[in-house]
Amino acid sequence: MKKHVAGIWKRLAKWVSLLLAGVVGIVVVAACLLYVPGVQNFVKNKVEKSVSESTGMDIAVGRVLLRFPLNVDVEDVFVGDGRQDTLVAAETIRVNVGLGRILKGVVSVKELGVRQATVRYRDTVSGMLLDARVGELRLQVREVDLKRRVADVSLLALERGRVRFEPGKASGEADTTGGGAPLDWQLRVEEIALSQVDYEMGGAMRAGVGNAAIRNGGIDLGRQTVAIGGVSLEEGYCELLTG
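What counts and how
Residues numbered from 1 in each chain as written. Predicted model: local features only at pLDDT ≥ 70, side-chain atom pairs only at ≥ 80, totals over all residues. Heavy atoms only, no water. Helix = DSSP H or I, 4+ residues; strand = E, 2+ residues; numbered from the N terminus. Buried < 20%, exposed > 50% of the residue type's maximum accessible area, 1.4 Å probe, protein only. Contact = heavy atoms within 4.5 Å. Areas by Shrake-Rupley, 256 points an atom, 1.4 Å probe, with all protein chains shown as cover. Pairing = 2+ DSSP bridges. Core = buried A, V, L, I, M, F, W, Y, C linked by side-chain atoms within 4.5 Å. Patch = residues over 30% accessible without salt bridge, like charges linked within 9 Å, V, L, I, M, F, W, Y side chains within 5 Å. Salt bridge = Lys/Arg side-chain N within 4 Å of Asp/Glu carboxyl O. Expected span 1.5 Å × (residues − 1). Polar contact = N/O pair within 3.5 Å; in protein donor to acceptor, adjacent residues only side chain to side chain.

Participant: Help me get a handle on the overall build of the protein, residues and values and all.
Facilitator: The secondary structure content of the protein amounts to 2 helices and 10 strands. Overall, the protein shows an N-to-C arrangement of helices and strands of α-α-β-β-β-β-β-β-β-β-β-β. Here the protein, with 243 residues, has 26% of them falling under the buried criterion. Restricting the contact set of the protein to residue pairs at least 6 apart, pairs at least 24 apart contribute 51%. With an accessible surface of roughly 16,600 Å², the protein has 60% of that area assigned to carbon and sulfur atoms.

Below is the structure:
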């Protein structure tokens, strides 16, 4: 009797082991298939259609390339509302994420690059307009500690940028949503580099820089404080327009 029970348990254990191995195998194969271009295009089309239907926005992606372990290139991106706003349009978006310490709640962004991008948004109620053109944007994040809520940014660089902001008119309605609790995050930025960036606000001000850098900065969202270690500026201008 004991041998019979032991045999049943042995067969059961073997069956469970085979089942677990099969499940793990399916997951591994599915993960590997994501690196196959044909599968990437299939998934891209399904996600594109699903997000478009759920949000009511026009979403189009020309090409998605995924390389091991998590390097993603997205080409010819467009997100709009189907009427007049181009929320996001970019020639290329590149993301290289480091996952070495993800189990400890720490993620790094080795590189995030955006080339030839446009962001345009208009609020139909107030008339507020944000129109930004970006030649190239690069971001390098040393680490994001999700548990400590601390992000260490090595570099944020913007080249050939143009931003136009129209504040519009106040609606006159009281804000009943409340500000809510501030985000308890700390951002440490080693360097912000700007090159050939122009800014215009409401026809009242124009400003721009040829080359500028902000170094050793910090933002504490919980305490709502900003600290700057140093600023350098070359070939800048500022015009205040009065009518």
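Now that the structure has been shown, the text picks up again.
Participant: Before we move on, could you go through the pairing of strand S6 (residues 150–166) and cite the residues and values that matter?
Facilitator: With 15 bridges joining them, strand S5 (residues 129–145) and S6 adopt antiparallel strand pairing. Along S6, the bridge assignment pairs aspartate 145 with valine 150. The hairpin formed by S5 and S6 contains 4 residues between the paired strands, and arginine 149 there has a positive phi angle of roughly 60°.

Participant: Describe the environment of glycine 203, and please don't skip the residues or the numbers.
Facilitator: With respect to the element layout, glycine 203 can be found in the loop between strand S7 (186–201) and strand S8 (205–220). Classification of glycine 203 as partly exposed rests on a relative accessible area of 39%. Separated by 38 residues in the primary sequence, glycine 203 and phenylalanine 165 place their C-alpha atoms 8.9 Å from one another. With near-sequence residues (within four places) excluded, glycine 203 lies in contact with Glu166 and Leu241.

Participant: Describe the side chain of aspartate 145, naming the residues involved and giving the relevant values.
Facilitator: Assignment of secondary structure puts aspartate 145 in strand S5. For aspartate 145, a relative accessible area of 9% translates into the label buried. If we skip the residues at most four places from it in the chain, aspartate 145 touches Gly105, Val106, Val150 and Trp185.

Participant: Describe the nonpolar core, naming the residues involved and giving the relevant values.
Facilitator: The nonpolar side chains of soluble globular proteins are, as a tendency, buried together. Among the nonpolar cores identified, the biggest contains 8 residues, and these are Ala90, Val114, Ala117, Val134, Leu158, Val197, Val209 and Ala212. Counting only elements with at least two residues in this core, the list comes to strand S4 (106–122) and S8. Grouped together as the second largest cluster of nonpolar side chains are 6 residues, Val109, Val141, Ala151 and Val153 included.

Participant: Before we move on, could you go through a nonpolar patch on the surface and cite the residues and values that matter?
Facilitator: Together, Leu183, Ile219, Leu221, Val226, Ile228 and Val231 make up an exposed nonpolar region whose accessible area comes to about 560 Å². Position of isoleucine 219 among the secondary structure elements: in strand S8. Residue isoleucine 219 is classed as partly exposed on the basis of its relative accessible area of 32%.

Participant: Any chance you could break down the pairing of strand S2 (residues 71–80) for me, citing the residues and the numbers?
Facilitator: Bridge analysis of strand S1 (residues 58–67) against S2 gives 9 bridges, and the strand direction is antiparallel. Counterpart to isoleucine 59 in the pairing with S2 is valine 79. Counting the residues that bridge the hairpin from S1 to S2 gives 3 residues. Inspection of the sheet shows S2 paired to strand S3 (residues 86–98) by 9 bridges, in the antiparallel sense. Bridge assignment links valine 72 to a residue of S3, and that residue is valine 95.

Participant: Help me get a handle on the pattern of salt bridges, residues and values and all.
Facilitator: Any two side chains of opposite charge can pair, given that their charged atoms come close. Tallying each qualifying case throughout the model produces 12 salt bridges. With its nearest N and O atoms 3.7 Å apart, the salt bridge here joins arginine 138 to glutamate 159. With arginine 138 in strand S5 and glutamate 159 in strand S6, this pair connects stretches of sequence that are 21 residues apart. On the basis of relative accessibility, which here comes to 25%, the residue glutamate 159 falls in the partly exposed class. Note that glutamate 166 and arginine 164 form a salt bridge whose closest N and O atoms lie 3.5 Å from each other. Taking relative accessible area as the criterion, glutamate 166 reaches 24% and is therefore assigned partly exposed.

Participant: An account of helix H2 (residues 37–55) is requested, with residue identities and associated values reported.
Facilitator: Taking 1.5 Å of rise per residue, the 19 residues of H2 would be expected to cover 27 Å, and the 27 Å separating its terminal C-alpha atoms lies within 8% of that figure. Buried-residue contacts for H2 involve S1. Positive phi appears at glycine 56, one or two residues downstream of H2, with a value of about 75°.

Participant: Describe in detail the side chain of aspartate 131, supporting the description with residues and values.
Facilitator: Summarising the element assignment, aspartate 131 is placed in strand S5. A distance of 2.9 Å separates the side chain of aspartate 131 from the side chain of arginine 133, its partner in a polar contact. When residues no more than four places from it in sequence are discounted, the contact partners of aspartate 131 are Val119, Arg120, Arg162, Val163 and Arg164.

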